[in-house]
Each structure stands twice: as structure tokens, then as C-alpha cells.
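# Commentary on secondary and tertiary structure
Now for the letters of each chain:
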Amino acid sequence: MLQPHQQIHKYMKILLHHTLILVLLMNMLSIVNSQTKTHVKIGVILDMNTSIGKTTKTCISMAIRDFYRSKHDNYTTLIRLHFRDSKQDNVRATSATIDLLKNVQVMSIFGPMTSAQADFVIDIGNKSKVPIISPATSPSLSPNENVYFIRAAHNSTSQLKPIAELIKHFSWSEVVFVYQNDEYGRGLVPYLSDAMMNIGTKVMHQTVIHPSASDDWIRAELYKLKTMQTRVFVVHALPDLASRFFKKVDETGMMEEGYVWIITEVLTSRLHSLDREDVGSMQGVLGVKSYIRRTKELSEFEKRWKQEFRRGYPEDEVTELDMFGIWSYDSVFALAKAIEKVGNEVNMTFHRDSRESTSDLDAIGTSEMGSSLVKLIRNSRFKGLSGDFHVVNGQLQPSVYEVVNIIGKGEKSIGFWSPENGMSKTLNSRTKDLKAVTWPGDTHVIPKGWENPTSNENKLRVGVPAKGGFVQFIDANTDPQTKQVVVTGFCVDVFDAVVGALPYAVKHEFIPFVTPDGKKPAGSYNDLIYNLSDGKYDAVVGDITILAKRSDYVDFTLPYAEGGVSLIVPIEDERKSAWIFMRPLEKELWITTGAFFIYTGLVVWILEHRINKEFRGSPGQQVGMIFWFSFSTLVYAHREKLISNLSRFVVIVWVFVVLVLTSSYTASLTSMLTVQKLRPSYTDINEIKRNGESVGYQEGSFVKDMLKDMGFNDSQLKSYSTFEDYDKALKNGSRKGGVSAIMDELPYIQVFLAKYCNKYTMTGPTYKTAGFGFAFPKGSPLVHDVSRAVLQVTEEQMLNISNQWFGAAASCDQQNGAKVNSDRLRLDSFKGLFLIAGLSSTSALLVFFFRFLHQNREILVSQDSLSQKIAAIAKTFDVFKDDEVRKSNVEEAVEESDNNNSPAISVFHQEAGMFSHDEGLFTPPEPGTPVHDTIQAVETTTNIR
């Protein structure tokens with residue numbers, strides 16, 4: 001009987017024997033399956049001697065094994081890889097492509113890796129209808145324009161959004177773009193400019209470096225960049241060139257405090273391929289790269305990949321697995337799935353022209369499978385090692401980017417960017433912030449993004465106007481002994497306060513804008529601006545007005561002084577005017593009042609003419625009565641007795657209007673004679689122009705151009721350089737060789753009037769300007785910071801600076817009455833009164849005419865012509881109503897006496913019955929009046945007739 005250990009040994013032999021048999025059977029089965037599957041040839045073109053080429057080859061080989069040994073062992077198709085080495089040469093890559101297509105007849109090609117090589121290969125793929133799957137990132141290689149091109153990486157333009165957001169986050173206003181001079185580098189240039197424009201950042205300069213450029217050439221270019229004021233650089237280059245470039249950056253002292261370096265995605269993702277020395281020269285650099293979440297599957301794959309890499313390249317140091325290797329792995333899965341879907345439906349052959357081929361390209365022909373295969377690859381989506389592997393129209397879609405900071409031997413994540421949340425510290429955070437950054441120079445102070453140029457000892461060259469007068473604003477002189485420039489004035493003090501309010505020091509020196517001999521100004525203010533635009537100065541400080549035309553050449557800060565242009569004119573005592581009594585009412589009110597006086601007198605005359613002897617007489621007397629009666633109401637001197645109730649109503653309303661007018665006139669005239677003692681000699685510059693008189697302006701000012709635009713000719717314009725000249729010219733006036741007015745800006749006017757407030761005043765409209773500002777060259781980063789400092793100084797220090805140079809706001813009692821605002825009475829204030837008076841008079845007139853026409857309707861209905869009717873109506877209107885009534889009464893009395901033989905009684909009764917008491921013409925006899933007296937009067941009248 002066997003011992004226990006012998007039995008165990010026997011069982012182990014049996015188990016090992018069965019295991020070997022099982023493995024043998026599985027291998028045989030695998031061979032049979034592989035022989036029954038359809039083999040599909042796929043070409044791979046890589047730079048085999050480079051780190052990225054070795055990494056990608058290992059990932060592709062592992063992808064083939066993993067795909068068919070896992071869940072896809074039942075597939076009827078099987079990819080067979082055919083590798084070619086392009087040896088980092090564009091021509092070799094093209095030659096390898098032709099060889100794979102012509103001799104091997106591959107159905108698809110993976111690679112090449114670089115954009116320069118892929119540019120040629122894609123064209124061949126389009127012609128032969130063979131899908132080209134390449135991680136080339138240049139936007140100039142477009143899957144939309146090349147149907148058989150599938151980009152197995154992100155388009156390099158997609159990284160511009162996180163780069164722009166990063167620049168915007170730190171408020172950098174300008175950048176310099178450094179890029180590699182090949183297909184990879186040039187393609188991104190226009191897109192970067194657009195991305196910067198969208199955030200308000202300017203690309204101040206572009207430096208192009210050829211991959212084969214010498215170190216001396218790179219050093220010379222860096223020294224040029226160092227003399228510029230921009231300190232933010234975006235570098236778009238491949239690792240080979242970038243490593244040499246950043247070594248020279250470090251050597252030239254441009255990897256120090258104040259500098260900002262941002263690298264793009266390819267370089268950031270390939271940092272692990274650089275030597276430690278190369279990484280050491282990039283300390284503090286920021287970079288962006290696509291973010292691939294670290295999953296369990298990815299970690300396990302990375303362990304297997306390192307083992308596979310060691311077996312394949314035992315002499316090489318194992319690097320890190322980058323995103324291009326992971327995307328290559330997923331791309332093989334996408335290709336294998338697409339091939340399986342196409343299957344055996346189409347022939348895996350090339351259709352070639354039967355005619356004799358004249359070149360290798362003609363000999364290739366076109367793929368039968370390509371058109372069907374490319375449709376499936378260009379639009380595919382699945383969950384791979386990289387996460388959501390999503391290809392749309394031949395372009396791998398981006399998602400999240402990671403921002404890293406190069407520190408020590410590697411990189412540190414400082415934040416993420418996503419389309420949904422923008423820039424944030426963590427992946428799913430909505431907080432717009434980043435982790436602490438270690439900047440070049442091993443500092444944590446955020447660079448402002450620019451510095452003064454290294455030339456001229458970092459001093460800002462500040463141009464200042466040189467002028468003989470108006471020294472309160474700016475005065476520039478050169479000490480004859482020390483030759484030092486001494487600049488004083490309000491504008492200079494404001495500038496010094498603004499510089500002191502900046503968050504950093506700015507050294508500067510003032511340079512007067514004078515002729516070479518230093519005796520007089522070198523030109524006008526516009527000439528000074530042009531010199532700034534030409535680069536002769538770094539800034540201009542002084543009483544420089546912000547104008548639209550000037551802003552075409554320079555950039556202005558926010559204004560620090562009030563803007564506007566107005567007139568200075570002499571003031572005179574208006575009480576000395578012989579026509580001051582006319583001033584209380586405006587012309588329109590005088591005319592309206594006179595018209596209503598005449599209209600009211602005419603209405604009263606019409607109403608009283610037929611019944612009132614005082615409104616009758618010769619035509620001259622009647623016209624005189626119209627004017628006399630209406631104007632006599634002005635002083636209540638009318639004594640004519642009014643008979644008609646309508647005329648009494650009209651006069652009552654009109655007297656009320658006159659009362660209001662006279663009271664207002666008296667009050668206004670009293671005010672003019674006692675309160676408002678002074679008035680400007682002119683209130684409108686157009687009046688001066690019409691009179692052909694002269695206007696003065698400050699020498700060198702833009703006001704001269706304004707006056708010319710208003711229509712003044714050169715002979716009417718005179719320039720002056722001091723306030724004393726202003727006073728003398730205004731005192732003399734145009735007739736004595738002076739001027740009638742001075743046009744200048746408000747700050748000068750305020751200072752001038754504070755000194756001469758008893759003699760002059762500001763009048764006319766104020767033409768708005770933006771005010772005084774500091775000028776800088778176009779694109780200067782100082783403008784933003786100085787403008788912010790101007791606001792701070794305006795709020796905190798401007799009052800003290802103004803009082804120091806101009807004193808407190810002066811009060812001038814004599815000028816309080818010289819305001820241009822008029823106290824004259826306007827028509828608008830009395831429209832209501834005139835409306836009431838007009839309606840009253842017109843209503844009374846209409847009532848009278850209706851009654852008159854009704855009483856004489858027999859004329860209107862007669863058969864006479866229109867002219868005869870009008871003549872009859874006019875004749876009837878001119879008849880005195882007392883005569884008409886008497887005539888009618890006499891005729892009736894005679895007729896009654898003939899019938900009744902009692903003429904006296906009859907006439908008496910007719911008189912009592914015919915005449916209306918309302919008309920006021922006749923009244924019954926007074927008590928005690930003898931009847932025979934009345935009869936006697938009638939008889940006498942009868943005898944006369």
C-alpha cells in the first residue's frame with residue numbers, strides 16, 4: 001500500500017498530464033479558429049525609434065490581443081498588422097504608405113503620428129479610398145474636408161478654450177505666441193488669435209521657430225522678446241524643439257519672477273519623455289492636456305503595458321503611458337468593430353485600372369472595402385480605456401482638460417476645465433478658481449503679465465507739453481545748470497498720485513516736447529500725440545484732451561478732469577441800456593399782446609358801432625377809436641360808455657388779462673433794475689460769426705479746429721498763451737484788435753473766471769468732450785491699471801490736488817446776476833390767458849353776427865346778387881340804430897294819428913311798446929313829465945320830415 005505522500009505525488013502527475021492535454025487541445029482549437037477567420041490587413045506607420053512610436057506600437061499590439069481574446073473571440077474577422085518605420089521623415093512616411101497600399105493591399109492605415117507626415121498620407125488615402133486613422137492634431141488637417149481621414153486625437157483648437165480661460169482668469173491683457181514652423185505649429189495660429197480676441201487679449205507678437213533652428217538663433221530671438229513689455233508666452237511646439245527652447249529660456253534669464261509660460265497639449269502630455277534636465281528648465285510653467293479619468297481598468301492596463309514595454313524594449317527606460325497610447329488602443333477597438341460589421345459583404349481587394357500605370361499612385365487603385373468601412377469608423381461611440389470614446393464625422397470629441405503646473409521632477413494638477421463649469425479647482429466644482437501656482441522664479445505672486453522694456457533702465461519715457469502760460473496745469477523747464485527737467489502743475493501731481501496708487505512701481509522720467517534748442521514747443525498737442533504713436537515716448541502726461549481722432553493713434557486712460565468747451569465773454573451792466581424796458585417780455589409775447597390789443601378793440605368797435613355814438617364818426621375817427629379804446633385799457637383810462645352787454649363781457653375779460661400782464665411786466669422790470677445788474681455781451685457764438693468779429697483760443701489747442709468747423713475763417717481766429725493775454729484781448733474787443741470772445745475748455749475757463757469774475761462770464765452752449773486723460777501707445781497694458789488708479793485718485797485725492805493749484809471754489813457776488821439764464825417773460829406762461837381772451841371775444845362776435853343776420857334775414861332771402869346783398873348788409877350795419885328806430889316810430893305815429901285823431905297818446909304808447917329797455921336807447925318818461933312835451937317832440941320831428 002502506498003504511503004500518503006506517494007499518493008499525493010501520483011495524483012499530481014495525473015493532474016499535470018490532464019492539464020497539458022487541455023492546453024494542447026485549446027491551442028489546436030485556436031489554430032483552427034484562426035484559420036477559419038477572415039484576415040484583414042491593417043498598416044501601421046510609426047516613428048519606431050521615438051518614445052511615442054514605441055509606446056503607440058505596444059498599445060496597438062496589446063489592443064489586438066485584448067480585443068480578440070476577450071469578448072470577441074467569436075468574430076469572423078481578424079486584424080493582421082503590418083508595421084512600417086517612417087524614421088521621422090515625411091518622404092519615408094509617404095513611401096511606406098504607397099508600399100502598404102500597393103504591395104500589401106491594407107484596408108486601413110493607422111498613423112503617421114505627426115501632422116507633417118499625415119498631410120501627405122491623407123491625400124493618398126483619399127485617392128485610394130483607404131481610411132487613415134491618425135492622431136495628428138493640426139486643424140489644417142480637417143476630417144470634414146478629407147472624408148477618409150479619422151483623427152484619433154483631439155483637434156488642437158479644442159485646447160484654446162481652456163488656455164483662453166486660464167489667461168482670462170489671471171486678467172492678462174496681452175500675450176506672445178511662440179510656435180513651431182511646420183504643419184503642426186502653423187495650423188493653430190489663426191485660431192489662437194480669434195480665441196484671444198474673444199476674451200479681449202491681444203497677441204502682441206508671434207515668434208516662429210523652425211525645428212532645425214540653431215541654439216544661437218533661438219537665443220537671439222529670446223533676447224528680442226526680452227526687450228518687449230509682454231511677459232505672457234504661449235508655446236506650441238513638439239517635445240524635441242521645446243526641450244532646446246526652454247533651455248535657452250532659462251539661460252537668458254526669462255524663467256524668472258514676472259514671466260508666464262503656457263505650453264499646449266501635446267507637449268504637456270509628453271513631459272515624461274523629456275530628460276530631467278529639460279524638465280528642470282521648465283519650472284513654474286503651466287500646461288493643459290486632455291483629462292482621462294483614472295479607472296481600475298486603466299490602472300491594470302498600465303501595469304500590463306509596462307511589462308509588455310520592458311519585453312519589447314529591454315534597453316529603454318520605461319516611461320509613462322500617455323493619452324496618445326490610450327487613444328491608439330481605443331482606436332484599434334473601433335477599427336476592429338467596424339471591420340467585423342462590414343465582414344465579408346465586400347471584397348478586400350483593390351480595383352485597378354486595366355490601362356498601364358504611369359506611377360505608383362496609379363498602380364494602387366481604389367479599395368473596395370474603404371467606402372463601407374470609413375462610414376462606420378467616422379461615427380462610432382463606446383466606453384473604452386479613455387472613457388467615452390466618441391467619434392463624430394471623423395473627429396474624436398473632447399470633454400475635460402486638466403491644468404498642470406510643472407514643479408520639481410513632474411507636474412501638479414491645479415485645476416480643470418470643462419464646457420459646463422469652465423475653470424475650477426476640482427473636476428465637478430463650480431467654483432471659478434485654481435489651486436496655488438508656483439510661478440517661474442519659485443514665487444507664488446501672480447505675475448501682472450507685462451513689464452517695462454529692459455532698455456533705458458526700465459524707465460517710462462513720459463512726454464509733456466512745453467508752454468509759456470497756463471502753468472497751473474503743467475509747466476516744464478530745464479535747469480540751466482544741472483540740465484535736469486523740472487515739471488510741475490496740476491496734471492503732474494495727478495499723474496504722480498496715480499503712479500503711487502498702482503500695485504507696482506513704475507519708474508519714469510519727464511521729457512519736454514520742445515525744439516532741439518529747447519526754447520519753444522516742438523508742435524501742437526496733436527503733434528505730441530503723433531510722436532507718442534511713433535514710439536518716441538512711452539506715455540504723454542499733461543492737459544491732453546481725449547478726442548476720437550486722437551484715439552485712432554493712441555490709447556487714453558479714463559479722464560481725470562472735467563470735459564467740455566464753452567465761451568468766455570465780457571459782462572456789462574444792463575441797466576445802462578436805453579431799451580431795458582423792452583426786456584421783461586420776449587419778442588413773441590410782445591407781438592401776441594399787441595395783436596390781442598388790436599383784436600379786442602376791433603371786437604368792441606363792431607359790437608358798439610350801431611348803437612353807441614362814441615364809436616361812430618369819420619373812418620379816421622373810428623380807426624383811432626379801435627386803437628384808443630383797446631390800448632387805454634392798459635392804464636385803465638378808457639371812459640367810453642359801453643351799451644352792449646356783449647362788449648361789456650369782452651372788456652371785463654380783457655381787463656383781467658391786462659391786469660395780469662402789467663403786474664408780471666412790472667415785477668420783471670423791477671427785478672432787472674434792482675437784482676440782475678450784469679449780463680453777457682454775447683450768448684451765441686453764431687452771432688459773433690455773423691457780425692464778422694474775432695474769437696480767441698489757446699495756442700496749440702484743438703479748439704482751433706472746432707472753430708473752423710463752425711465756419712470761422714483764419715482771419716477771425718487769434719491764439720493766446722496766457723490768462724493775461726485773454727484779459728487784454730477781451731478788454732480791447734474786436735474793434736480794437738482784440739476778440740469778442742474766447743473759446744476754451746472748462747478747466748481753463750474755471751481758473752480764468754476765478755481770477756477775473758468781475759469782468760467776464762461763461763456763456764453759450766457747452767460742447768461736450770471727454771476731458772483730460774493720460775495717453776499711452778496702442779495696446780499698452782498700462783492703460784487698464786492706470787485707469788483704475790485714476791478712479792481711486794479721483795475719489796480720494798483729487799479735491800486736495802485741485803485746491804493746492806486752483807484754491808477753493810471762488811464765489812463772486814458780482815457775477816451771480818450775470819447768469820445766462822434769462823428772467824424774461826415767455827409766451828408759454830400766458831397762453832392760457834390769451835386763450836380765454838380770444839375765446840371770449842370771438843364768442844361775443846359770433847353771437848352778435850348771428851343776431852344781426854337774423855334781424856336782416858329779408859336781405860339774405862332777397863333775389864339780389866351776392867355783391868348786392870353784401871353791400872346791403874354793410875349799409876345796414878353802418879346805420880345808427882337810434883336813427884333807424886326813430887324813423888320807424890315816426891311813420892307808425894303818423895299812421896296812428898290819422899286813424900285815432902290822438903297822435904300824442906298814440907305816439908306815447910308806441911314809444912313805450914317799441915323800444916327795449918335792454919338796448920338802453922329809450923326809456924319811459926320820468927314821473928311828472930308832461931305828456932304834451934312828448935307829443936311836442938314827435939310833432940316837431942314830423943314837421944322836420
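This text follows the structure it describes.
Residues numbered from 1 in each chain as written. Predicted model: local features only at pLDDT ≥ 70, side-chain atom pairs only at ≥ 80, totals over all residues. Heavy atoms only, no water.

## A short note on the overall build of the chain
Which entries qualify depends on this criterion: Only DSSP runs of H or I with at least four residues qualify as helices, and only runs of E with at least two residues qualify as strands; both kinds are numbered from the N terminus onward. Contact between two residues is taken to exist if any of their heavy atoms lie within 4.5 Å; hydrogens are not considered. Only the protein chains shown count as cover for residues, and the accessible areas themselves come from Shrake-Rupley with a 1.4 Å probe.
Looking only at helices and strands, one finds 32 helices and 31 strands in the chain. If you take every contact in the chain between residues at least 6 apart in sequence, the share linking residues at least 24 apart comes to 71%. As displayed, the chain has an accessible area near 48,000 Å², and 53% of this comes from carbon and sulfur atoms.

## What to know about the packing of aromatic side chains
The cut-off we apply is this: The criterion for an aromatic pair is that two Phe, Tyr or Trp rings (for Trp, the six-membered ring) have centres within 6.5 Å, with stacked assigned to planes under 30 degrees apart, edge-to-face to planes over 60 apart and tilted to the rest. Burial here depends on accessible area, computed with a 1.4 Å probe over protein chains only, as a share of the maximum for the residue type. Under 20% is buried, over 50% is exposed, and the range in between is partly exposed. Any Lys NZ or Arg CZ that is within 6 Å of a ring centre and within 35 degrees of that ring's normal is treated as a charge sitting over the ring.
What the rule picks out here adds up to 46 aromatic pairs. Between the aromatic rings of Phe324 and Trp327, the centroid separation amounts to 5.7 Å while the plane-to-plane angle is 85 degrees, which identifies the pairing as edge-to-face. Of this pair, Phe324 and Trp327 both sit in helix H13 (residues 323-342), separated by 3 residues, roughly a single helical turn. The exposure class assigned to Trp327 is buried, which follows from its relative accessible area of 4%. The side chain of Lys57 reaches across the aromatic face of Phe83, ending 5.0 Å from its centre. Lying over the aromatic face of Phe382, Lys337 brings its terminal NZ or CZ to 4.2 Å of the ring centre.

## Here we look at a nonpolar patch on the surface
Going by this rule: Candidates for patches are residues over 30% relative accessible area with no salt bridge; among them, like charges are joined within 9 Å and nonpolar side chains (Val, Leu, Ile, Met, Phe, Trp, Tyr) within 5 Å. Only one rule defines a salt bridge in this text: a Lys or Arg side-chain nitrogen within 4 Å of an Asp or Glu carboxyl oxygen.
Residues Ile598, Val623, Phe627 and Phe631 make up a contiguous nonpolar surface patch of about 330 Å² in total accessible area. Counting residues per element, the nonpolar patch draws most heavily on helix H19 (residues 619-632), at 3 residues. Its place among the elements puts Phe627 in helix H19.

## Brief notes about unusual backbone geometry
Here Gly111 and Pro112 are connected by a cis peptide whose omega angle stands at -5 degrees. Relative to the elements of secondary structure, Pro112 occurs in the loop between strand E3 (108-110) and helix H4 (115-128). Unlike most non-glycine residues, Gln105 shows phi in positive territory, near 60 degrees. Relative to the helices and strands, Gln105 is located in the loop between helix H3 (90-104) and E3. Positive phi outside glycine occurs at Asp442, with the angle close to 55 degrees. For Asp442, the location among the structural elements is in the loop between strand E18 (422-424) and strand E19 (460-465). We classify Asp442 as exposed; its relative accessible area is 65%.

## Observations regarding the pattern of salt bridges
Applying the stated criterion across every chain, the model contains 23 salt bridges. Measuring nitrogen to oxygen at the nearest pair gives 3.3 Å for the salt bridge that ties Asp828 to Lys831.

## As for H3
As a reminder, the rule being used: A helix is expected to span 1.5 Å for every residue after the first. Here a polar contact is recorded for every N or O atom pair within 3.5 Å, except that within protein the pair must consist of a potential hydrogen donor and a potential acceptor, and residues adjacent in sequence are included only if both atoms are side-chain atoms.
The end-to-end C-alpha distance of H3 is 20 Å, a good match for the 21 Å that 15 residues give at a rise of 1.5 Å each. For H3, the set of buried residues is Ala93, Thr94, Ala96, Thr97, Ile98, Leu100, Leu101 and Val104. At its buried positions, H3 is contacted by strand E1 (38-46), strand E2 (77-85), E3, H4, strand E11 (350-351) and helix H14 (360-364). Here H3 starts with a cap whose side-chain oxygen sits 3.0 Å from the backbone nitrogen of Val91, and that cap is Asp89. Just downstream of H3, Gln105 is the residue with a positive phi angle, here 60 degrees.

## Digging into the nonpolar core
To keep it simple, the criterion reads: To form a nonpolar core, buried Ala, Val, Leu, Ile, Met, Phe, Trp, Tyr and Cys residues must be joined to one another through side-chain atoms within 4.5 Å.
By size, the foremost hydrophobic cluster in this structure holds 74 residues, and its most contacted members are Tyr68, Ile79, Leu101, Phe301, Leu335 and Leu373. It is H13 that provides the largest number of residues to this core, a total of 13 residues. Not counting residues within four places of it along the chain, the set of residues in contact with Ile79 comprises Val40, Ile42, Ile64, Tyr68, Leu335, Ala336 and Ile339. Counting 52 residues, the second largest nonpolar core, distinct from the first, contains Tyr726, Leu730, Tyr760 and Met798.

## Here's the deal with the environment of Gly325
Looking at the secondary structure, you find Gly325 in helix H13. The exposure class of Gly325 is buried, given its relative accessible area of 0%. Through-space distance from the C-alpha of Gly325 to that of Thr55 is 6.1 Å; in sequence the pair is 270 residues apart. Not counting the four nearest positions on each side in its chain, Gly325 is found in contact with Thr55 and Cys59.

## Focus: the sheet that holds strand E10 (residues 286-290)
Heads up, the condition is: Strand pairing requires that DSSP identify at least two bridges connecting the strands. Helix axes are fitted only over the stretch in contact, all axes being lines through C-alpha atoms; the angle between N-to-C directions runs from 0 to 180 degrees.
Across the sheet, 8 strands lie side by side as E7-E6-E8-E9-E10-E16-E17-E18; this open sheet has mixed pairing. At either end of the open sheet lies a strand with only one pairing partner, and these are strand E7 (202-209) and E18. Between one strand axis and the next, the sheet turns through 25 degrees on average, direction left out of account. Of the strand pairs in this sheet, strand E6 (residues 174-180) and E7 are connected by 7 bridges, and their pairing is parallel. Counted as the bridge partner of Phe177 is Gln206 from E7.

## Comments concerning the environment of Ala93
With respect to the secondary-structure elements, Ala93 resides in helix H3. Expressed as a C-alpha distance, the spacing of Ala93 and Gln117, which sit 24 residues apart in the sequence, is 6.1 Å.

## Some thoughts on the pairing of E19
Judged by how many residues are buried, E19 sits mostly within the fold: 5 of 6 residues are covered. As defined by bridge partners, E19 adjoins strand E22 (residues 508-513) across 6 bridges and the pair is classed as parallel. Along E22, the bridge assignment pairs Leu460 with His508. Bridging between E19 and strand E23 (residues 539-540) involves 2 bridges; their strand directions are parallel. The residue bridging Val462 from the neighbouring strand is Ala539, located in E23.

## Looking at the packing of helix H8 (residues 215-226) against helix H9 (residues 239-251)
Applied cut-off: Roughly parallel means an angle under 35 degrees; roughly antiparallel, over 145; roughly perpendicular, 65 to 115; everything else is oblique. Helix crossings fall into two classes, left-handed where the near helix is turned counterclockwise from the far one by less than a right angle and right-handed where it is turned clockwise. Charged residues are taken to be Asp, Glu, Lys and Arg, nonpolar residues to be Ala, Val, Leu, Ile, Met, Phe, Trp, Tyr, Cys and Pro, and polar residues to be all remaining types, Gly included.
Orientation of H8 relative to H9, taken along the N-to-C sense of each, is 55 degrees, at an axis distance of 9 Å. As judged from the angle between their axes, H8 and H9 are oblique. For the crossing formed where H8 meets H9, the hand is right-handed. On the side of H8, the interface is formed by Asp215, Ile218, Arg219 and Leu222, while H9 contributes Leu241, Arg244, Phe245, Lys248, Val249 and Glu251. Classifying every residue of the contact of H8 with H9 gives 5 nonpolar, no polar and 5 charged.

Any link to function would need more than the numbers given here.
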